[in-house]
Protein chains: 4
Amino acid sequence: MSSPVTAPNPAHRAARAADLQPRYAETRAGTLALAAGLSPEDCALQSMPDASPVKWHLAHTSWFFETFVLEPGLPGYRAYDPAFRVLFNSYYVQVGERHPRSERGLISRPALAEVLAYRAHVDQGIARWFGAGARDDALLDLLELGVHHEQQHQELILTDLKHLFSRNPSRPAYRALPARPPAGQPPALEWLSLPSGVYEIGHDGPAFSFDNERPRHRAYLRSFQLASRPVTNAEYLAFLDDGGYERPELWLSDGWDARTAQRWTAPAYWEYDAGAWQVFTLGGMRPLDPCEPLAHVSYYEADAYARWAGARLPTEAEWEALAIRQPIEGNFVESGALHPLPAHGPQAQTQLFGDVWEWTGSAYLGYPGFRPAAGAVGEYNGKFMVNQFVLRGGSCATPRSHVRATYRNFFPPAARWQFSGLRLARDA
Amino acid sequence: MSSPVTAPNPAHRAARAADLQPRYAETRAGTLALAAGLSPEDCALQSMPDASPVKWHLAHTSWFFETFVLEPGLPGYRAYDPAFRVLFNSYYVQVGERHPRSERGLISRPALAEVLAYRAHVDQGIARWFGAGARDDALLDLLELGVHHEQQHQELILTDLKHLFSRNPSRPAYRALPARPPAGQPPALEWLSLPSGVYEIGHDGPAFSFDNERPRHRAYLRSFQLASRPVTNAEYLAFLDDGGYERPELWLSDGWDARTAQRWTAPAYWEYDAGAWQVFTLGGMRPLDPCEPLAHVSYYEADAYARWAGARLPTEAEWEALAIRQPIEGNFVESGALHPLPAHGPQAQTQLFGDVWEWTGSAYLGYPGFRPAAGAVGEYNGKFMVNQFVLRGGSCATPRSHVRATYRNFFPPAARWQFSGLRLARDA
Amino acid sequence: MSSPVTAPNPAHRAARAADLQPRYAETRAGTLALAAGLSPEDCALQSMPDASPVKWHLAHTSWFFETFVLEPGLPGYRAYDPAFRVLFNSYYVQVGERHPRSERGLISRPALAEVLAYRAHVDQGIARWFGAGARDDALLDLLELGVHHEQQHQELILTDLKHLFSRNPSRPAYRALPARPPAGQPPALEWLSLPSGVYEIGHDGPAFSFDNERPRHRAYLRSFQLASRPVTNAEYLAFLDDGGYERPELWLSDGWDARTAQRWTAPAYWEYDAGAWQVFTLGGMRPLDPCEPLAHVSYYEADAYARWAGARLPTEAEWEALAIRQPIEGNFVESGALHPLPAHGPQAQTQLFGDVWEWTGSAYLGYPGFRPAAGAVGEYNGKFMVNQFVLRGGSCATPRSHVRATYRNFFPPAARWQFSGLRLARDA
Amino acid sequence: MSSPVTAPNPAHRAARAADLQPRYAETRAGTLALAAGLSPEDCALQSMPDASPVKWHLAHTSWFFETFVLEPGLPGYRAYDPAFRVLFNSYYVQVGERHPRSERGLISRPALAEVLAYRAHVDQGIARWFGAGARDDALLDLLELGVHHEQQHQELILTDLKHLFSRNPSRPAYRALPARPPAGQPPALEWLSLPSGVYEIGHDGPAFSFDNERPRHRAYLRSFQLASRPVTNAEYLAFLDDGGYERPELWLSDGWDARTAQRWTAPAYWEYDAGAWQVFTLGGMRPLDPCEPLAHVSYYEADAYARWAGARLPTEAEWEALAIRQPIEGNFVESGALHPLPAHGPQAQTQLFGDVWEWTGSAYLGYPGFRPAAGAVGEYNGKFMVNQFVLRGGSCATPRSHVRATYRNFFPPAARWQFSGLRLARDA
């Protein structure tokens, strides 16, 4: 959430509202576009407790605007259905009761059509609220937060659907994916060096960020090197072929336990069939492309690979120190590829943004001086600051406008259903 | 499955076919009628591993006819989709691979519409098969088995939906249920006595039965008494109010463990709200009717209640010895009540059939001389003969033509999602 | 427990006491003899929730006499330690609180020496009670029950120790076992036939039995045949070599699930090493003797073997109908073999008693007219009458005087740590 | 492990050996002193997978010297028992197979007496090795590591025994504890301020440290304040009385889940009885002393308390920045108190060392430039660098000579069986 440093004033507020209204509309339409063509069943099922049904994402993102903007800010607003207050609350204990996360797949009603009507009801409310002047900075902050929140759920719609479809024996495709560039060689890996010293890390200024990106603070970094691109499938195959999944000395102790309990023998979505690796994508099964960035590995696998490679994962500060000077270009959701692509074009110099989220070796904790946002949205990030690791850079399922060099994504170390890969680092 | 004793001959076969064809059609239509008005989401969700999605029931019952009648019996029949062979096989290992039962709720595709097309495809095949003369007794046996099999799944559609809807915080109704008779007193409980001696138990003759009802055999019974009707809610409430759920001395040891682990404090679907017991029905929530037969208790609860009442559960042989002379009348699915009703009308003299399945104290085992049916359908009943108890009599969700005095239903002792109640017995 | 039909009178009572006192002493000494030579650690550990530490067995059997005889029957008796009332209560809820079964291995104190002192304290109390005249028939009943109870725990001491030692990588021996007879051929399997008719089953008369053996009652049996000896290791190896553990069609559904979850590939205590089967015994590891009766299989394995062999398990009534006319001779604990032996000598005609408990196909339920014993000891048997199967005949770890033709042992179908084998049966 | 910067030479090596030999002897004797008076049963039991039997600790610490010093370094050394190589290997995969951690309580043999003989055998070997000149610096490093390793296990002997005894309903005492000072007021809490800037963190130089304390590196710290003493029981009671365990908004999300799953309502070892809090200690149960430092809380509870108190946990760098200038004085294991004491005497100014380990808000990760030690001992620390948090300062169960200002202890955030408390911090 933004922490504006400029004093609010009516003109500034009107300008913000004029800026936000089309972004709201665009984001809301974008979510619907992702769900277009899906059946009610596709939208209703939950394939694991970590994932949610598409219908739930459609409703919860609307609940967010209803709860945090319309109920406090639009006089006379009538909730679409009071029961939704519980049903579509994700985890905000200060808002009230929540339907259990693991039971989101037990809700056949409201039907998809009704959830779409709910979305329209909320959109109409927001339009009225904008029309009435949107005279409250705090509510504008919350609406802006809601837009970024909905972008996060856009990515989850894709990753949760991918997981769901992967559990279907027929491995159905979400969509026909565009033709891919002919396979080639990825650019040679180079090492980019940064010197030791005190760096400024984190977000500052009036532009939007999540609270966990703040405050900007100083961190001392030893000189280090980062790889010029993420690890590719070909490189990871060398690890695999070298017995990577059979050698406990390469793994963290908890990682080895996870590999054993979950019987990992390759990244998620890889299947060995008839002498060759296939990979499940949002377009269905296809042969593994060795030139693509590796995706769908856990922190444990990323860490084991880096150890095997004689390197390590970067810290998030190291990553940011490099990224802060790079343009935010890359293979985002707007490309339509919906899958990582071999490095190409301008961003290929570093491939820091898009394609795959990159696991860092940094535990997800509050920055020095961190303060959660006030009110219930203070639960947005802060209460998850344990047992997770930070990922950086965005993926092929992330909206481009959602990403920043300071952006901190986070997942537990065993999570594999995101487009998560890695980049090597080493001490200089 | 029937084991005809008469020698098959063409005329007999033609008569059987003429009898079975309309029964097939009626049963198939009946299944669709149960699903009418349900949304695709209603039909796709799975609320627990014991229950299956409606869509799965619709498909699996068709798979049964396709696998056991059309593939072996209709030359040139083309499977609707070869993948369905795995996807909709429930547990027949001799047929081949099976999709895991607990993952039936992960299948968004085929969509409901496609499953309905699959049903129509199978129905057309069966019509062609009948049209071609149905010249094989064994296939007629399998088709008849398939009709009874589908009736079982009709009941499961209702009980599985009830469970699913109960997990929705809004407790939606499956259908508006008909007006119920005004509350009154159930008939006074009387004790019906039967003398000691050797009884003939089990099914015999050419008429259809499942293999587990055969062979008819002799059993020596001591003189005993059976209650003239099942236990009512009012009676069970007295047990509950007497601390029935807090007194381990009333329970089997495993029963007490189940009650503790699952936190049972009342039958399934009972909810205490604002000083009164409510009960969830296929028509939604409504006040508990004390005159109704008790339903949705486990074997453990039935057993504890009987012990508290100074009685016991009947054996299945005792139950059958009484039932074999009673007409099969009662509150079956055709009444549309979809809920147990207080005893009334002609069947009220014993209320042995319909309303609720009655737990017996008999473990589900093969009868003396039991032989499973030949082929894969031999897996239908025999391989479940452990860790289950026999229930008798049919329920308000059972088709009337499905029930016999010799019919043996069976469920694990902790199961509560069926319409399961009990009748008291005692030694004479 | 016995239900004397003769009217009690002082002379009879004195005779009973005179009979019981040496049996008490002998049984108590027998228990200590089993524990002789064990270290305090050997006696303190619990290797799984189903098994108990030897120390616990030593204490619990004493608790039984203290609780049911001394406290009600010996004026002025002072409990050794009031805390033992909870600590060594196995499962009698009517006696009061119980220490959880699965935590019996967390009790380092009282030490073994103190438990032995507790035993002596109780023995002294019982001696005083006998000395004072033992004037109460009900207490004599309970003392006699306690003697049989302690015999059961003698067997459990051996089977629980065997399980514990099997979990030690060094596979230590409990004792050096006597030299075994030279390997030979087991007697050829013959089929013993019994005719159909009404049989009297169960115990009657004043002599001791457990309540679950009563009342004697009639059962109609169809003509049947029983094998003349239990299944041998050689016979079971043929099942194993024929893919017995890989063919689900041979197994009960729950049995296959148990085999899969617990990764069974052979009976318990079998280990394949260097091209040959070894077996863990109370004397340590040694080569598998093909002529021995098979032991340490679950009900599921026994059932699958019988199906593979084209036969079935006997019912307990069938077994008893044959056994009731046989002398109770066989390889019991007194032989010191502590392991099943190939059939030899007089009992080899049927080998019904000793060597291995034989799984029957009968679920463990109350007999017609069953009434649990009065008071807390009514919990002894009745509350376990669910989810278990009856075994008959006694084993190489059972005291000879403990066994009767009517004796009903029972265990859950997945249990394997008892000396449990099987005998085939078939319809005539 | 030390990373000597001085070039090794014979004179230096001899001096090291002369220094280490008595420290070895003293440490080995100290371990035995902790086990003195315990019964074989006390030493054999395992109360949870996280804890180990005393006997295992006695053996494993000997295994360490045997494996890492005697086998490579003492020509002609004969292993006491080759089976111990597996049995007492904790987690060193590069050494070979390991007996599973959760099964350490299943080993009745070797008996305690034999483990003590094993210890003596190893001690004799080490004496011979010293006598032969100890001419290898790397082996001296490993021996020194073994001494520190054994000190860690000394602490675990106490905390594991405490847990074991707490599971015994009689709550036995390990030892009679010395009289405690009369209850008084703890010193008032003051805030100690440190300025912002770049600090040097971690160990450097030739003196021993674990590899995870190295390398010394720079960290930028914002100005901050640390409390002058740990949180007391009285202060924590105020949190508890304010509904601390019932208010999810005070907790991390994972913490709330742990509290719910494990039913935490107070710190470990607290019991509410007859209107007052009692606490289980190594001397048995006694009333809770409000002036003592709080102990036996998880990271989650520490974090929730700090949030409730309007403060936060210190980072480990903050803690070290203060501690590096303090004398290492405090209530360590040598005091014999075996329980935290209210602040008193010289160390009361900060109470940074002894009494309780203090949870920091720092995830346990490698320092910048971290390199695990070479060889199998490289598994000592590095492979646990995930899902754990750093604790600092030592406890009443830690040997004084084991602690340093740079010492990093680490446990998972739900662990409570160590003497773990907390100190508050806040931004300046």
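These numbers were taken from a predicted model, which means no experiment stands behind them.

Conventions adopted
- Residues numbered from 1 in each chain as written.
- Chains lettered and ligands numbered in written order.
- Predicted model: local features only at pLDDT ≥ 70, side-chain atom pairs only at ≥ 80, totals over all residues.
- Heavy atoms only, no water.
- Pairing = 2+ DSSP bridges.
- Helix = DSSP H or I, 4+ residues; strand = E, 2+ residues; numbered from the N terminus.
- Expected span 1.5 Å × (residues − 1).
- Buried < 20%, exposed > 50% of the residue type's maximum accessible area, 1.4 Å probe, protein only.
- Polar contact = N/O pair within 3.5 Å; in protein donor to acceptor, adjacent residues only side chain to side chain.
- Axes fitted to C-alpha atoms, helices over the stretch in contact; angles between N-to-C directions.
- Domains from an automatic or database assignment.
- Contact = heavy atoms within 4.5 Å.
- Buried area = accessible area lost by both parts, 1.4 Å probe.
- Salt bridge = Lys/Arg side-chain N within 4 Å of Asp/Glu carboxyl O.
- Nonpolar A, V, L, I, M, F, W, Y, C, P; charged D, E, K, R; others polar.
- Left-handed = near helix turned anticlockwise from the far one by under 90°.
- Parallel < 35°, antiparallel > 145°, perpendicular 65-115°, else oblique.

Glancing now at the sheet that holds strand S12 (residues 409–411) of chain B. Residues and elements named next belong to chain B. Spatial ordering of the open sheet is given by S12-S11-S10-S13, a layout of four strands whose pairing is mixed. Edge strands, defined here as strands with exactly one partner in the open sheet, are S12 and strand S13 (420–421). Of the strand pairs in this sheet, strand S10 (residues 357–363) and S13 are connected by two bridges, and their pairing is parallel. Within S13, the position partnered with Trp-357 by the bridge is Ser-420.

Residues and elements named next belong to chain C. In this model, helix H6 (residues 137–166) (30 residues) spans 44 Å end to end at C-alpha, consistent with the 44 Å of a helix rising 1.5 Å per residue. Most of H6 sits inside the fold, with 28 of its 30 residues counted as buried. Measuring from the backbone nitrogen of Ala-138 back to the side-chain oxygen at the start of H6 gives 2.7 Å, which picks out Asp-136 as the cap.

Quick look at the sheet that holds strand S5 (residues 270–273) of chain A now. Residues and elements named next belong to chain A. With antiparallel pairing, the three strands of this open sheet are ordered in space as S5-S6-S7. Looking at strand neighbours, the two that pair on one side only are S5 and strand S7 (284–287), the edges of this open sheet. Between one strand axis and the next, the sheet turns through 35° on average, direction left out of account. Taken together, the four bridges between S5 and strand S6 (residues 276–281) define a ladder with antiparallel strand orientation.

Often, the extent of an interface is quoted as the loss of accessible area upon association of its parts. Residue and element names in this part refer to chain A. For chain A, the assigned domains are domain 1 (10–166) and domain 2 (191–427). On a C-alpha basis, the centroid separation for the pair domain 1 and domain 2 is 27 Å. Contact residues are listed per partner, giving 27 residues for domain 1 and 29 residues for domain 2. Interface area for domain 1 against domain 2, summed over the two sides, is near 2500 Å², with a carbon-plus-sulfur share of 64%. Sorting the residues of domain 1 by area buried against domain 2 places Tyr-91, Glu-155 and Lys-162 first, and these three jointly supply 28% of that buried surface. Between domain 1 and domain 2 we count zero salt bridges in total. Linking domain 1 to domain 2 there are 15 residue pairs in polar contact (both at pLDDT 80 or more). Elements supplying a minimum of two residues to the side of domain 1 that touches domain 2: helix H3 (54–73) and helix H6 (137–166). Taken together, the residues of the side of domain 1 that touches domain 2 break down into 13 nonpolar, nine polar and five charged.

Turning to the packing of helix H5 (residues 112–131) of chain A against H6(A), a few remarks are in order. Residue and element names in this part refer to chain A. Running from amino to carboxyl end, H5 crosses H6 at an angle of 145°, the nearest separation of the two axes being 13 Å. For H5 against H6, the interelement crossing comes out left-handed. Contact residues: Arg-119, Ile-126, Trp-129 and Phe-130 in H5; Leu-139, Leu-140, Leu-143 and Glu-150 in H6. Among the residues making up the contact of H5 with H6, the classes are represented as six nonpolar, no polar and two charged.

Attention now goes to the packing of H3(A) against H6(A). All names here are of chain A. Contact geometry of H3 with H6 gives a least axis separation of 9 Å together with a crossing angle of 175°. Looking at the two axes, H3 sits roughly antiparallel to H6. When grouped by side-chain class, the residues that make up the contact of H3 with H6 number 15 nonpolar, seven polar and two charged.

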